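Architecture and fold: a report
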Number of protein chains: 2
Amino acid sequence: MNIYDISRRAGVSIATVSRVLNNSPHVSETTRKKVMAVIEGTGYVPNAFARGLGLNTMKTIGLLCPDASDPYLAQALTYLEHSFRQKGYDCLLSCTGRELPARRQGVELLKSRHVDGIVLMGSSFIEDNSADNDYIRDAAKAVPVILLNGSFPCENVYCVLCDDQRAVTDATLQLLDSGCRRVLYLYHSNNYSGRKKLAGYRDAHEMRGMDVDEKLLCYFSQDKSSVHQVRDTLLQLERDGLAFDAVITSEDILSVGALKYARMAGRKVPEEMCVIGYNNSSLCNCAEPELTSVDNKLLAICEHIVATMLGVLEGKEMPQKTVFTGELIKRESTR
Amino acid sequence: MNIYDISRRAGVSIATVSRVLNNSPHVSETTRKKVMAVIEGTGYVPNAFARGLGLNTMKTIGLLCPDASDPYLAQALTYLEHSFRQKGYDCLLSCTGRELPARRQGVELLKSRHVDGIVLMGSSFIEDNSADNDYIRDAAKAVPVILLNGSFPCENVYCVLCDDQRAVTDATLQLLDSGCRRVLYLYHSNNYSGRKKLAGYRDAHEMRGMDVDEKLLCYFSQDKSSVHQVRDTLLQLERDGLAFDAVITSEDILSVGALKYARMAGRKVPEEMCVIGYNNSSLCNCAEPELTSVDNKLLAICEHIVATMLGVLEGKEMPQKTVFTGELIKRESTR
DNA sequence: GCGTGTGATGTAATCGTTTACACGTTGACA
DNA sequence: TGTCAACGTGTAAACGATTACATCACACGC
């Protein structure tokens, strides 16, 4: 069933059918109705390959996602896919994991599919001009690239992110100003976003004239970051004599681990210990007590990514970098 | 930069270039090297549209997902995408929401993209032969369709699922046999899977010679199922004088709400009240106390979906229906 | 020397659209 | 009545690959 079949049945030319399909104004209302009737009757769907060949675009955005099972990224995925679809773009998904070679390969693939643009998610590890990031430059040579929560100065690369540093500063200040003196910082990755957050933690201490005890900085690798691992690590730290009266983390899941620790160690939250997470994910309401967390405006960021992408594709001049401000959402784990 | 440019520069015909690109044996080694050199020199990438037009396949699987931000589906998404990619297939994602018209449209879209096969996720509401399911038949006419956790008897539709009914029976028996007498059942949807689970709940009571008090069946619509909504509803039920000493739910998130209720009502879990969830999602470890839940073998199901799809595409005869058995994972919320 | 099989290469049709251009038709207006 | 837009519609040429078929060169056996 192709456009010729339709044109034959409707008694018009293929050009007219095409015009109807593309809502061209140069079709009389009667013809349009006639053609539409045939199309609906046959269940005809235009062949996207042929269309792509003619237009040299298939209205597709490539989504490079390290891990769709990460709730935060999954959320972003849903937003992005939904918004792009509404705007008439489909999404080709590539879940690469976080390893560089796989991400490189993912980009190659999206390029060979001639996507109209690429969104790099979990791109928060992007930072410098090292060769590691060649694949981004590579992609940007072919199509516009937008980084979700990443920063990378390069032609045709656009960045939409949250000011993590400031957000963590604000959150840490909230802890310090509510009487906490030794704030444990649990983090997940040494990437761009991770270091920004750490810098925010330091900033807050500096603003209150406090030194940072490096022993309070506690790193978890991605695969060692289960709730139980965090809990057990904190128990061990306590046994080792490390004192702390608050915990702030780079991800909500780490905070949940901290809450587990508090329960097991018999420390009351928030009376004896405060906890603040990051992302304001759905975990916050599930945690016990419910978790205070930084909302890093994922929805706004995603909306802006879509708008930016569409703007660039329409040839408009768009800002290379857009920064949103996080917001502390207070729940039961802080005073 | 197209195949003609390459053929011109290499001094051969486009057919030869095409043969080189497709590893055809009918090319001399010298010619192959010559052409390869030109290709690498120019960074030429074949146009996927044109290729798709000719071959009428682009090695793409369409994934129809109601909601990628649902942790359970997100998990499945990751598994599926990863496995398909390993096998040389890309995934086109369509997050449609759960509404019928949108799903219909999603299928249309995947069809127009001429995907090689479609996986319908969250297809658990598929049950009968009503017109509502026409879109599945429609899709199956064009390409093989595989349902994740759904059952639908139709040519070219394959089903891979967990025996939810039996799993819930086992879980309910566990509650009854550990002394619980009034098990509240919280559920999310009236779909196929939802009804199967409810049937399992009834089966268990019947097996122990107990009547089911219909007041113990408590429905939550998808949008009314937040943790707080569940908690508040249970508090109200208690105030209304409904007695229950256990809760079993069709989704982990509902169980988390039940735990919130228990905390607020001052009922100790599992001593005074037991809770069992469903899906064995990452929420289970985050909950307090940690949630006993039914593992419905998502990973195995996804692997089987991929194997089935590849088998069908290779023209092999594959089973129309494959059923896995769930398993109760005991944690702290049961005795 | 002459068919004949074989392996490398080229030619041209094909896939299903879009769209520039050409071709009526119609109606307004001088 | 003739001219000219404006408008609707059709024709045919892209778009860039794949591939069946034709062709050609060459070697081999008779």
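Source: prediction; values computed, not measured. (Residues numbered from 1 in each chain as written. Chains lettered and ligands numbered in written order. Predicted model: local features only at pLDDT ≥ 70, side-chain atom pairs only at ≥ 80, totals over all residues. Heavy atoms only, no water.)

**Quick look at the nonpolar core**
Stated precisely, the cut-off is as follows: Put simply, buried Ala, Val, Leu, Ile, Met, Phe, Trp, Tyr and Cys residues joined by side-chain atoms within 4.5 Å make one nonpolar core. Relative accessibility under 20% of the residue-type maximum defines a buried residue, over 50% an exposed one, and the middle range a partly exposed one, all with a 1.4 Å probe and only protein chains included. The contact rule is simple, with two residues in contact once any of their heavy atoms fall within 4.5 Å.
Ranked by size, the top nonpolar core spans 155 residues in total, and within it Leu77, Met121 and Tyr201 of chain A together with Leu77, Met121 and Tyr201 of chain B carry the most contacts. The residues touching Met121 of chain A, leaving out its near neighbours within four places in the chain, are Leu63, Leu64, Cys65, Pro66, Leu73, Ala76, Leu77, Leu80, Arg103 and Leu148 of chain A. Leu100 and Ala139 of chain A together with Leu109 and Leu161 of chain B belong to the second largest nonpolar core, which has 44 residues in total.

**Topic: the sheet that holds strand β7 (residues 217–219) of chain A**
Residues and elements named next belong to chain A. What counts is decided by this rule: Strands pair, by our definition, only if DSSP identifies at least two bridges between them. Strands are runs of DSSP state E lasting at least 2 residues, helices are runs of H or I lasting at least 4, and numbering of each runs from the N terminus. Interaxial angle, 0 to 180 degrees, is taken between N-to-C directions of lines fitted to C-alpha atoms, where a helix line uses only the stretch in contact.
Taking strand neighbours across the sheet as the criterion, the 6 strands line up as β7-β6-β8-β9-β10-β12 in an open arrangement whose pairing is mixed. Looking at the sheet topology across the chains shown, the edges are occupied by β7 and β12 (327–329). Taking the axes of each pair of neighbouring strands and ignoring which way they run, one obtains an average angle of 20° across the sheet. Packed on one face of the sheet, helix α8 (residues 164–177) meets β6 (183–187), β8 (246–249), β9 (274–278), β10 (292–295) and β12 and runs near 170° to β9. Lying over the sheet, helix α11 (residues 252–265) contacts β6, β8, β9 and β10, oriented at roughly 160° with respect to β9.

**A closer look at the domain arrangement of chain A**
How we decide: Reported domain spans reflect what an automatic or database domain assignment gives.
Once the domains are mapped, chain A shows domain 1 (3–42), domain 2 (60–162 + 298–326) and domain 3 (164–295). Each of domain 1 of chain A and domain 2 of chain A has a C-alpha centre, and these two points are 37 Å apart.

**Remarks on the pattern of salt bridges**
Two side chains bearing opposite charge may form a pair once their charged atoms approach each other closely. Threshold: The term salt bridge refers to a side-chain nitrogen of Lys or Arg lying within 4 Å of a carboxyl oxygen of Asp or Glu.
Taken as a whole, this structure holds 31 salt bridges over all chains when the rule is applied. Where Arg85 of chain A meets Asp90 of chain A, a salt bridge forms, and the shortest distance between an N and an O atom there is 3.4 Å. When its relative accessible area of 18% is taken as the criterion, Arg85 of chain A is described as buried. Accessibility expressed as a relative area gives 7% for Asp90 of chain A, which makes it buried. One network of salt bridges, with partners in common, ties together Glu81, Arg85 and Asp90 of chain A together with Arg113 of chain B.

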